[in-house]
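# Structural description and commentary
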Amino acid sequence: MLEVKNLTVGIKADKIKNVLYNVSLSVAPGEVHAIMGPNGSGKTSLLYSIMGHPRYVILNGKIFLDGEDITFLPPEEKSLRGLFISFQHPVEVEGVRLSTLLIAAKNKRAGESDLLKISDVRMIRDMRQLAARIGLKAEFLRRDVNVGFSGGERKRSELFQALYLKPKYMLLDEPDTGLDVDGVKVIAESISSAVSEGVGVLLVTHYARILNYVRPDRVSVIVNGRIVETGGPELAQLIDREGYSKYGVVEVDGSG
Amino acid sequence: MTEAVKTADVEELLRYTSIDELYGWEWEYAKEIEIRGKIGRDIIEEISKVKKEPEWMLRLRLKALELFNKLPVPKWLTGIEEIDLEEIAAYVKPRAELTKEWTDLPDEIRKAYEKLGIPEIEARFLSGLTAVYGSETVYSKMKEKLEEKGVIILPMEEAVQKYPDLLKRYFARIFPPSDHKFAALHVALWSGGAFVYVPKGVKIEQPIEAFFFIGGSLEGQFEHTLVVADEDSYVHFIEGCSAPLLKKYSFHDGMVELYAARNAHIKFTTLQNWSRDIINFNNKRGIAKENAIIEWTEGSIGSKITYTYPSTILAGEGAKTSNIVIGIANGPYLKDTGSKVIHAAPNTASRIISKSISNNGGINIYRGLVRINKGAYNSIANVECDSLILDESSMAYTYPHNQIEEPTATVSHEAKTGRLSEDQLFYLSSRGLSEGEAKSLIVIGMLKEILSDLPLEFVSILNRVIQLEFSEVGGIG
Ligand SMILES: Nc1ncnc2c1ncn2[C@@H]1O[C@H](COP(=O)(O)OP(=O)(O)OP(=O)(O)O)[C@@H](O)[C@H]1O
Ligand SMILES: [Mg+2]
C-alpha cells in the first residue's frame, strides 16, 4: 500500500510557498485512485512531493510504501523501492538515449555496477516489443530522452518506461492529455493490464474518458491544495458534466 | 612453455567500483638511474650520455636548454607556478630492460599495464604498443605482418640511433623548442616515447598505442611521439596515460609531432586519465601536406591541471583537419585546453570541436586560434564549443581567436553553454539513478559520437572510467 498521511508541502521559490495542505490518500496494489482538480490546484505538486522532487519541501506529514516510511528518501531510492512517476511535461535530456536510460535503470535494479552493460540481448528485445505495443517506433529508443518528441510521443514514452521498469506503484500525471484517440485507448489498456497484475496506480487526469477504460476504485478531488471530496467512479462523471463550481471554484476569465 | 602472463581482462577491469581502487597509492619500484637538480648543462649531458646519443641530438638538447633559460613563462598559464622544477627528477630509469615480452618485466612494473588490461587489448586490437614507465620505454612490440610492409614502430631512442636522417628531418622541427618555454624544456629533457613511420601506400588497420605511466612522486616525464605517415598511408595512433595516487605531485611535459605527407591520413587519439597528482603539459602539432588529413581526438579526464592544444598546420592544398578536444573537470581541477589551426594553403578545411564538462568545482578553459593566411583561397574553418556545466560551483570559459587574412575564406564559430537543470536531474533520479550516475550518463552521451570510431574495448573502458569518475561525488552522504 502507498499511503500519504497529512501531507503539507511548500514549494521553494523566492520564499517557501505552500501548495498542499494536510493531504491524505492511499492506493493499494491492484487499485486505481484517480485524482482530479482544476488547473493549479496541486495535482502535479502532490505527485512530485511523493516522488521527492527537490523543489518541494515536506513541511508536515508522512509517506509510507508498504509500511516503510519513505517520506524523506531521495527520488532514486523511492524509484528503486518501486515508485514510478510519469510526467505531465517530460523534460528533454540531451545526451541520454531512451534505451540507455532504461538499460541503466534496469542494471541499477539488478545491482550491476556497470550501468551501460547489456548483459542480455533480451533487454533490447523486450524494449522493442514493448515500444511497439505502446505505438512507439524502435527509432525512439535511439533518440535522446524526449528530445524533439511530440507531446503525444512523450506521453507514450513515459508509459513505455513505466511498463518496462515494472514498478509496484505508478504515479501517472495526465498520461492521457495530448494523446490521439487511439493513443488514449492503448495507454488505458496498458494501465489496466498493469493494474490487473497488481500494480497500484495514482492517476491524475482532467478527463472522465480515460476512466471509462481504467476503472478507478476511488476518485479524489483536489482544490487549492486540499482534498475536498473522495468518492467512487461516478464522481468523475459528475465533474465531467458539471466542473468544479460546486467546490466554490469560479472560472476566471481574461477580464478578471 | 613459459608461464602464461596473467592479464586482468577487460571484464574484470569493468568491475571496479571506484577509480582510486584501480591503482591505489603509488608503490615502490626499483630505479636504475635518477637524475635531479637544477636544469642545466650537466643534467642534459648526463641524460644524453646514458642514452649514448649521437652528437647532433645532444646539440639539439643544449640549444633547447638555452631557449628554456631565455624564454619567459607564458603569461596566460595559470597554476604552472606550482611546479618547482628543481624538486622534480628530470630523468628516472626504472630497473627494467626494454623487452618484447610482458613476462620479462618486473611485477611492480608490469602491474601498471595489467591493471588496465593493456596486454589483452594489445593482443586483440592493436598493431603495436609502446609502454613507457617513468622516463624510459620498457616494452615495445609491433605485429609481424607490419614489419613485412616496412612499417617502423620503435622506442624513440632506438630511432635516433637507427634512422638519424628521418629524425633530423622531423624531430623538434614540427614543434620547434623556440615556441615557448615548456616546449624548450621538453626538447632539452625528452626521454622515452615512440617513433612511427608508415611507408607509402600502407594502410594500418588496427591502431598503434603508446601507454605512459608515471609511477612515483616528483618525477618528470618528457616523452616524445613522432608519427610520419608517408604518401597515401593511413594510421591510427592512440595514446593513453595513467598514474596511481601520489604522495606529492609529478609533472608531465610531453610532445607529439605528426607529419602527414600527400594524401596521408593520421588519426591521433589521446585518452588521458592521469591521477589527481599530475600536472600535465602537452605540446602537440601536426603538419598536413597536399590532400592529407589529420584528426586529433583528445579526451582529458584525469590530472590536476592539464594544458593541451592539439594543433594542425594545413600546409598543402586540400589538406583537412578535425580537432576534437574534450575536457572533463570534475572536482577542484583545471582543464586548459584548446586547438590551433593554421591554414597555409588553398582549399583547406578545418573543424574544431571542443566539448567541456565541469562539475563539482571544476574549471574548463578553451583557447582557440584559427589563422587563415593570405592566399589560402576558399579555405573553410568551423569552430564549435560546447560547454556543459553540471552544478553551480563549476565554470567554463571560452577564448576563441581568429586571424583571417584571406577574404575568400569562410569561418564560423558556434558556442553553446548548457547547464543541467534541477528538473533534468529529477527526471533521471526518478528512474533510479543517483546524481553521479545521472551525470555520468549525460557525460557519456555528450561524448558518444566522438568515441564512436574507437575500438569497442576502449569505449567500454572509457565509459567505465567516466562512471567511476562521477560515482565518487554523486548521490548523498
Ligand atoms: N516553482 C514554482 N513557483 C511558484 N509557484 C509554483 C511553482 N511551481 C508550481 N507552482 C504553483 O503551484 C500551484 C500548483 O501547481 P501544480 O502544478 O501542482 O498544479 P496542477 O494541479 O498539476 O495543475 P494542472 O492541472 O494545470 O497541471 C500552481 O498555482 C502553480 O502555479
Ligand atoms: Mg499538473
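Residues numbered from 1 in each chain as written. Chains lettered and ligands numbered in written order. Predicted model: local features only at pLDDT ≥ 70, side-chain atom pairs only at ≥ 80, totals over all residues. Heavy atoms only, no water.

## Brief notes about the pairing of strand β7 (residues 169-173) of chain A
Residue and element names in this part refer to chain A. Stated precisely, the cut-off is as follows: Think of it in three bands: residues with accessible area under 20% of the maximum for their type are buried, residues over 50% are exposed, and the middle band is partly exposed, with areas taken using a 1.4 Å probe on protein chains only. Strands here mean DSSP runs of E at least two residues long; helices mean DSSP runs of H or I at least four residues long; both are numbered from the N terminus. For two strands to be treated as a pair, DSSP must find no fewer than two bridges joining them. Orient the strands so they point away from the viewer, and a crossover whose first-strand-to-second-strand path over the helix runs clockwise is right-handed.
With five of five residues buried, β7 lies mostly within the body of the structure. Burial along β7 is two-sided: the residues Y169, L171 and D173 and M170 and L172 are all buried. Two elements, strand β6 (residues 83-86) and β7, share four bridges in a ladder whose sense is parallel. Note that in β7 the partner of L83 across the bridge is Y169. Inspection of the sheet shows β7 paired to strand β8 (residues 200-204) by five bridges, in the parallel sense. Bridge pairing in β8 links M170 to V201. Between β7 and its parallel partner β8, the chain crosses via helix α7 (residues 181-196), and the hand of that crossover is right-handed.

## Looking at the packing of aromatic side chains
Aromatic rings in a pair are described by how distant their centres are and how their planes are angled relative to each other. Selection criterion: Each Phe, Tyr or Trp ring, with Trp reduced to its six-membered ring, pairs with another whose centre is within 6.5 Å; inter-plane angles below 30 degrees give stacked pairs, above 60 give edge-to-face pairs, and intermediate values give tilted ones.
What the rule picks out here adds up to 27 aromatic pairs over all chains. Ring geometry for A:Y48 and A:Y56: centres 5.6 Å apart, planes at 80°, overall edge-to-face. Residues A:Y48 and A:Y56 agree in their burial class; the two are buried. With centroids separated by 5.6 Å and ring planes inclined at 45°, the aromatic side chains of B:W102 and B:Y113 adopt a geometry described as tilted. With a gap of 11 residues between them, B:W102 in the loop between β2 (91-94) and α5 (107-114) and B:Y113 in helix α5 connect regions that are remote in the sequence.

## Structural notes on the nonpolar core
Inclusion rule: Within this scheme, the nonpolar core is defined by two criteria: the residues are buried Ala, Val, Leu, Ile, Met, Phe, Trp, Tyr or Cys, and they are joined through side-chain atoms within 4.5 Å. Contacts are assigned to residue pairs that have any heavy atoms within 4.5 Å of one another.
Formed by 139 residues in total, the largest nonpolar core has its most connected members in A:F160 and B:Y113. For this core, the element with the highest residue contribution is helix α12 (residues 435-451) of chain B, accounting for nine residues. Other than its neighbours up to four places away in sequence, A:F160 contacts A:L98, A:L102, A:M127, A:L130, A:A131, A:I134, A:L136 and A:L141.

## Focus on the site of ligand 1
Residues and elements named next belong to chain A. Applicable threshold: What makes a residue near a molecule or strand is one non-hydrogen atom of that residue sitting within 4 Å of it. Two N or O atoms count as a polar contact when they lie within 3.5 Å, although within protein this holds only if one can serve as hydrogen donor and the other as acceptor, and sequence-adjacent residues are included solely when both atoms are side-chain atoms. Note on areas: Shrake-Rupley with a 1.4 Å probe; residue coverage comes only from the protein chains shown. Here the term charged refers only to Asp, Glu, Lys and Arg, the term nonpolar to Ala, Val, Leu, Ile, Met, Phe, Trp, Tyr, Cys and Pro, and the term polar to all other amino acids, Gly among them.
Surveying the vicinity of ligand 1 reveals 15 residues, the closest of which are G40, G42, K43, T44 and S45. Within the side chain of T44, a nitrogen or oxygen atom sits 2.8 Å from an oxygen atom of ligand 1. Contacts to ligand 1 include S45, whose side-chain N or O atom sits 2.5 Å from an oxygen atom. Computed on the free molecule, ligand 1 has an accessible area of 640 Å², of which 67% lies beneath the protein chains in the complex. Listing elements by their share of the shell around ligand 1, those giving two or more residues are β2 (16-27) and α1 (43-51). By residue class, the composition of the shell around ligand 1 is four nonpolar, eight polar and three charged.

## Some words on the pattern of salt bridges
The criterion, for reference: The salt bridge definition used is simple: a Lys or Arg side-chain nitrogen within 4 Å of an Asp or Glu carboxyl oxygen.
Here the structure, examined in full by the defined rule, presents 38 salt bridges over all chains. Taking the shortest distance from any N to any O, the salt bridge between A:D126 and A:R125 comes out at 3.7 Å. B:D179 serves as the salt-bridge partner of B:R285, at 2.8 Å between the closest nitrogen and oxygen. A residue pair is termed long-range when its members are at least 10 positions apart, and B:R285 in strand β13 (residues 278-288) and B:D179 in the loop between α9 (164-170) and α10 (181-189) qualify at 106 residues. Several salt bridges share partner residues, and in doing so they unite A:R55, B:E422 and B:D423 into one network.

## Quick word on the domain arrangement of chain B
Residue and element names in this part refer to chain B. To be explicit about the condition: Each domain span listed reflects an automatic or database assignment of domains.
With domains assigned, chain B is organised as domain 1 (23-308) and domain 2 (422-477). For domain 1 and domain 2, the distance between their C-alpha centres works out to 30 Å. Run the count over domain 1 and domain 2 and you get one salt bridge. Here E469 ties to R276 by a salt bridge, and the two come within 2.6 Å at their closest N and O atoms. Remark: the boundary between domain 1 and domain 2 carries one residue pair in polar contact (both at pLDDT 80 or more). With four residues, the single largest contributor to the side of domain 1 that touches domain 2 is strand β12 (residues 265-273).

## Considerations on empty space enclosed by the protein
Summary: where empty space remains is shown by rolling a probe the size of a single water molecule over the atoms. All names here are of chain B. Cut-off, in case you're wondering: Throughout, the protein atoms alone are placed on a 1 Å grid, and a set of points is a cavity if a 1.4 Å probe fits but cannot get out or a pocket if it is open with protein on both sides within 12 Å along at least five of seven lines; lining residues have an atom within 4 Å of a point. Grid points are joined across faces, edges and corners, and a volume is the space filled by probe spheres set on the points.
If you walk through the whole model with that rule in mind, you get six cavities of 30 Å³ or more. For the largest cavity, the calculated volume is near 200 Å³. In terms of lining residues, the largest cavity is bounded by 16 residues, among which L116, F211, L271, F458 and I461 are the most central. Elements represented by at least two residues in the lining of the largest cavity include exactly α6 (118-125), β7 (208-213), β10 (234-242), β12 and α13 (456-471). A class-by-class count of the residues in the lining of the largest cavity yields 11 nonpolar, four polar and one charged. A domain split of the lining of the largest cavity shows at least three residues from each of domain 1 (23-308) and domain 2 (422-477). Approximately 70 Å³ is the volume attributed to the second largest cavity. Every residue along the wall of the second largest cavity is listed here: T269, T270, L271, T297, G299, S300, I301, I326, I328, L447, L451 and L462. Sorting the residues of the lining of the second largest cavity by element identifies β12, β14 (293-300), β17 (320-330) and α12 as the ones contributing at least two each.

## Focus: the interface of chain B and chain A
What counts here: Accessible area, probed at 1.4 Å, shrinks when two parts are joined; the buried area is that loss added up over both.
Opposite the 28 residues of chain B that make contact, chain A presents 38 residues. With both sides pooled, the region where chain B packs onto chain A buries about 2700 Å², and carbon together with sulfur makes up 60% of that total. Considering only the surface of chain B that becomes buried against chain A, B:F426, B:Y427 and B:R431 emerge as the three largest contributors, covering 29% of it. Between the two partners, chain B and chain A, sit five salt bridges. Across the pair A:E94 and B:K416 runs a salt bridge whose closest N-O atoms are separated by 3.9 Å. For the interface between chain B and chain A, the tally reads 19 residue pairs in polar contact (both at pLDDT 80 or more). Breaking the side of chain B that touches chain A down by element, the ones donating at least two residues are α11 (422-429), α12 and α13 of chain B. Counted by class, the side of chain B that touches chain A contains 10 nonpolar, eight polar and 10 charged residues.

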